[in-house]
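Each chain, written out:
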Amino acid sequence: MPLNVSDLPGSFDSEHMRFMEQAFLEAEKAFERNEVPVGAVIVQGSRIIARGHNQVEMLSDPTAHAEMIALTAAFEYTNEKYLNDCRMYVTLEPCPMCAGALVWAKLGELYIAAQDEKSGACGSLFNIASNTQLNHRIPTHYGLLEKDSEDLLKRFFASKRA
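Residues numbered from 1 in each chain as written. Predicted model: local features only at pLDDT ≥ 70, side-chain atom pairs only at ≥ 80, totals over all residues. Heavy atoms only, no water.

Enquirer: Explain the packing of helix α3 (residues 66-78) against helix α4 (residues 96-104) to me, please; I cannot follow it from the model alone.
Expert: For any two helices packed against each other, one specifies the inter-axial angle together with the distance between the axes. Between α3 and α4, whose axes approach to 9 Å, the crossing angle comes to 25°. The angle between α3 and α4 places the two elements in the roughly parallel class. Here α3 runs over α4; the crossing is left-handed. Residues Glu-67, Met-68 and Leu-71 of α3 form the contact with α4, whose participating residues are Met-97, Cys-98, Ala-101 and Leu-102. Residues of the contact of α3 with α4, tallied by class, amount to six nonpolar, no polar and one charged. (Axes fitted to C-alpha atoms, helices over the stretch in contact; angles between N-to-C directions. Helix = DSSP H or I, 4+ residues; strand = E, 2+ residues; numbered from the N terminus. Parallel < 35°, antiparallel > 145°, perpendicular 65-115°, else oblique. Left-handed = near helix turned anticlockwise from the far one by under 90°. Contact = heavy atoms within 4.5 Å. Nonpolar A, V, L, I, M, F, W, Y, C, P; charged D, E, K, R; others polar.)

This is the structure in structure tokens:
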């Protein structure tokens, strides 16, 4: 079951907030490029090794989600196919495609800003990230910059309706 960051003991580490802020900056890049504003960063130790933001429209590729782009960059950086010692910070709960890729990559930990009730696959609609029938489960935490991420998404979709 995913944990809300407010459920974690003590104060939440400012380092986690710093990394989620970097993911949010990636989401803002997507917003500026008329993409659904989702951003992700992958961290190894205390260093960001990969970044991504949605590029579905720009690349005409439905798989060009922030998480997939960040995963590809992380694999290139580490020259490994597994990311056991890495954490991802992402502004919106991953979809089934991305959650599956994170499981296959054996990601060490996942921090999610906002839940996605319509297509989230890390606890909202499905829970691929913690499915006991799969070969890997990802400890998942919610809530860092949740309101900011939700507000950015609302602004984006309001602009599409206008």
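Enquirer: Where do I start with the packing of aromatic side chains in this structure?
Expert: Each aromatic ring pair is summarised here by two numbers: the centre-to-centre distance and the angle between the ring planes. Taken as a whole, this structure holds four aromatic pairs when the rule is applied. Plain terms: the ring middles of Phe-19 and Tyr-89 are 5.4 Å apart, the flat faces sit at 45° to each other, and that makes the pair tilted. Of this pair, Phe-19 sits in helix α1 (residues 14-32) while Tyr-89 sits in strand β4 (residues 86-92), and the two are 70 residues apart along the sequence. Summarising the burial analysis for this pair, Phe-19 and Tyr-89 share the class buried. In this arrangement the basic side chain of Lys-106 is found over the ring face of Tyr-82, its NZ or CZ atom lying 5.2 Å from the centre. One Lys or Arg, Arg-155, reaches over the ring of Phe-31 and ends 5.0 Å from the middle of that ring. (Phe/Tyr/Trp six-rings, centres within 6.5 Å; stacked < 30°, edge-to-face > 60°. Buried < 20%, exposed > 50% of the residue type's maximum accessible area, 1.4 Å probe, protein only. Lys NZ or Arg CZ within 6 Å of the ring centre and 35° of its normal.)

Enquirer: Help me understand the environment of Leu-145, please; the structure alone is not making it clear to me.
Expert: Following the sequence through the fold, Leu-145 ends up in the loop between β6 (140-142) and α5 (146-161). You can call Leu-145 buried: its relative accessible area is 15%. Counting along the chain gives 60 residues from Leu-145 to Asp-85, while the straight-line C-alpha distance between them is 23 Å. Those residues in contact with Leu-145 that sit more than four places away from it in its chain are Met-17, Met-20, Glu-21, Phe-24 and Ala-113.

Enquirer: So what exactly am I meant to see when it comes to the layout of surface pockets here?
Expert: A probe as big as a water molecule, rolled over the atoms, marks out the empty space that is left. Computed from the structure, the largest pocket encloses a volume of approximately 620 Å³. Every residue lining the largest pocket is counted, 24 residues in all, and those nearest its centre are Val-36, Leu-92, Asp-116, Leu-153 and Phe-157. Every element with two or more residues in the lining of the largest pocket is listed here: α2 (56-59) and α5. (1 Å grid on protein atoms, 1.4 Å probe; cavity = no way out; pocket = protein on both sides within 12 Å on 5 of 7 lines; lining within 4 Å. Points joined across faces, edges and corners; volume = space filled by probe spheres on them.)

Enquirer: Please clarify how the pairing of β4 should be interpreted in this entry.
Expert: It is a general feature of regular strands that their side chains alternate between the two faces of the sheet. Counting buried positions along β4 yields seven of seven residues, so the element is predominantly enclosed. Judged from the five bridges that link them, strand β2 (residues 39-44) and β4 form a sheet pairing that is antiparallel. Within β4, the position partnered with Gln-44 by the bridge is Cys-86. The parallel pair β4 and strand β5 (residues 109-114) is bridged by α4, and the resulting crossover is right-handed. (Pairing = 2+ DSSP bridges. Right-handed = clockwise from strand over helix to strand, strands pointing away.)

Enquirer: Would you take a moment to explain the side chain of Arg-87 for this structure?
Expert: Assignment of secondary structure puts Arg-87 in strand β4. A distance of 3.2 Å separates a polar side-chain atom of Arg-87 from the backbone oxygen of Gly-45. For Arg-87, the side chain forms a polar contact with the side chain of Tyr-89, separated by 2.8 Å. Those residues in contact with Arg-87 that lie beyond four places of it in its chain are Glu-15, His-16, Phe-19, Val-41, Ile-42, Val-43, Gly-45, Leu-107, Glu-109 and Tyr-111. (Polar contact = N/O pair within 3.5 Å; in protein donor to acceptor, adjacent residues only side chain to side chain.)

Enquirer: Can you walk me through the pairing of strand β3 (residues 47-53) in this structure?
Expert: Across six bridges, the pairing between β2 and β3 is antiparallel. Counted as the bridge partner of Ala-40 is Gly-52 from β3. Hairpin geometry of β2 and β3 is characterised by an intervening segment of two residues between the two adjacent antiparallel strands and by a positive phi of about 65° at Gly-45.

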